[in-house]
Amino acid sequence: MKEFVEVDFENATEESFGNAVGMLGDFNSGETLARDGSTVLHHFTELGQEWQVLPSEHMLFHDVAEPQFPKKCTEPENPRGARRRRLAEATIGEEEAEAACESLKDALDRKDCVYDILATQDLDMVGAY
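Here's what I pulled together on the structure shown here. (Residues numbered from 1 in each chain as written. Predicted model: local features only at pLDDT ≥ 70, side-chain atom pairs only at ≥ 80, totals over all residues. Heavy atoms only, no water.)

Some thoughts on the pattern of salt bridges
If you walk through the whole model with that rule in mind, you get two salt bridges. One salt bridge in this structure joins R35 and E57, with 2.5 Å as the shortest N-O distance. Linking R35 in the loop between helix 1 (14-17) and helix 2 (44-50) with E57 in the loop between helix 2 and helix 3 (94-101), this pair joins segments that are 22 residues apart in sequence. Between K71 and E66 there is a salt bridge, and its shortest N-O distance comes to 3.2 Å. Like K71, the residue E66 is exposed in the burial classification. (Salt bridge = Lys/Arg side-chain N within 4 Å of Asp/Glu carboxyl O. Helix = DSSP H or I, 4+ residues; strand = E, 2+ residues; numbered from the N terminus. Buried < 20%, exposed > 50% of the residue type's maximum accessible area, 1.4 Å probe, protein only.)

Some details on helix 4 (residues 107-120)
Counted at 1.5 Å a residue, the expected span for helix 4 with its 14 residues is 20 Å, and the 20 Å between its end C-alpha atoms agrees. Listed in full, the buried residues belonging to helix 4 are C113, V114, D116, I117 and L118. On its buried side, helix 4 packs onto helix 3. Capping the start of helix 4 is the job of one residue whose side-chain oxygen sits 3.0 Å from the backbone nitrogen of L108: D106. Where helix 4 terminates, the next one or two residues include Q121, which has phi positive at roughly 60°. (Expected span 1.5 Å × (residues − 1). Contact = heavy atoms within 4.5 Å. Polar contact = N/O pair within 3.5 Å; in protein donor to acceptor, adjacent residues only side chain to side chain.)

A few points about a negative patch on the surface
A surface patch of negative charge is lined by E6, D8, E10, D106 and D112. Secondary-structure assignment places E10 in the segment before helix 1. (Patch = residues over 30% accessible without salt bridge, like charges linked within 9 Å, V, L, I, M, F, W, Y side chains within 5 Å. Areas by Shrake-Rupley, 256 points an atom, 1.4 Å probe, with all protein chains shown as cover. Lys, Arg positive; Asp, Glu negative; His and termini not counted. Charge placed at Lys NZ, Arg CZ, Asp CG, Glu CD.)

A few points about the packing of aromatic side chains
As enumerated under the stated definition, the model contains two aromatic pairs in all. Ring geometry for F9 versus F17: centroids 4.6 Å apart, planes at 50°, classification tilted. With a relative accessible area of 41%, F9 lands in the partly exposed category. Seen in terms of ring centroids, F17 and F27 are 6.3 Å apart; in terms of plane orientation they differ by 25°. Their pairing is stacked. Separated by 10 residues along the polypeptide, F17 in helix 1 and F27 in the loop between helix 1 and helix 2 bring together distant segments of the chain. Relative accessible area serves as the criterion here: at 26%, F17 is assigned to the partly exposed category. Residue class for F27 comes out partly exposed when judged on its relative accessible area of 32%. (Phe/Tyr/Trp six-rings, centres within 6.5 Å; stacked < 30°, edge-to-face > 60°.)

Concerning the nonpolar core
Residues I92, A97, C101, L104, C113, V114, I117, L118 and M125 constitute the largest nonpolar core, which totals nine residues. Sorting elements by how many residues they give to this core places helix 4 first, with four residues. If we skip the residues at most four places from it in the chain, C113 touches C101, L104, V126 and Y129. (Core = buried A, V, L, I, M, F, W, Y, C linked by side-chain atoms within 4.5 Å.)

Side note on the side chain of Q52
Structurally, Q52 is set in the loop between helix 2 and helix 3. A relative accessible area of 7% means that Q52 is categorised as buried. One polar contact links the side chain of Q52 to the main-chain carbonyl oxygen of K71, over a distance of 2.9 Å. Discounting residues that sit within four places of it in the chain, Q52 has contacts with R35, E57, P67, Q68, F69, K71, K72 and C73.

This is how it looks when you write it as structure tokens:
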């Protein structure tokens, strides 16, 4: 089961989203911000921990699942980190992932696509882009 979420606003305008706040960051600058609205967070792991749903907030999902605050969110595995130690288990390498994602026009989408394929070992992840 693929458990990725992507939020993509097409034709977003400052009129509609210029004052938006939250984990998507600042509309005008693109900076990802902490809950205080001013601290810039540069690492997505740090951003995820910062925006973990708190007990005082409305329930976001239909089901309550672990981890729940105060337990930290489960961090994704870095495909270029510990996974390298299990290369014998990997069936998809970096070259194959890059080839699968090469048709994507946006460089950041290509990078994310390669990461997702390496992390999941699933070439179908290119379909998420």
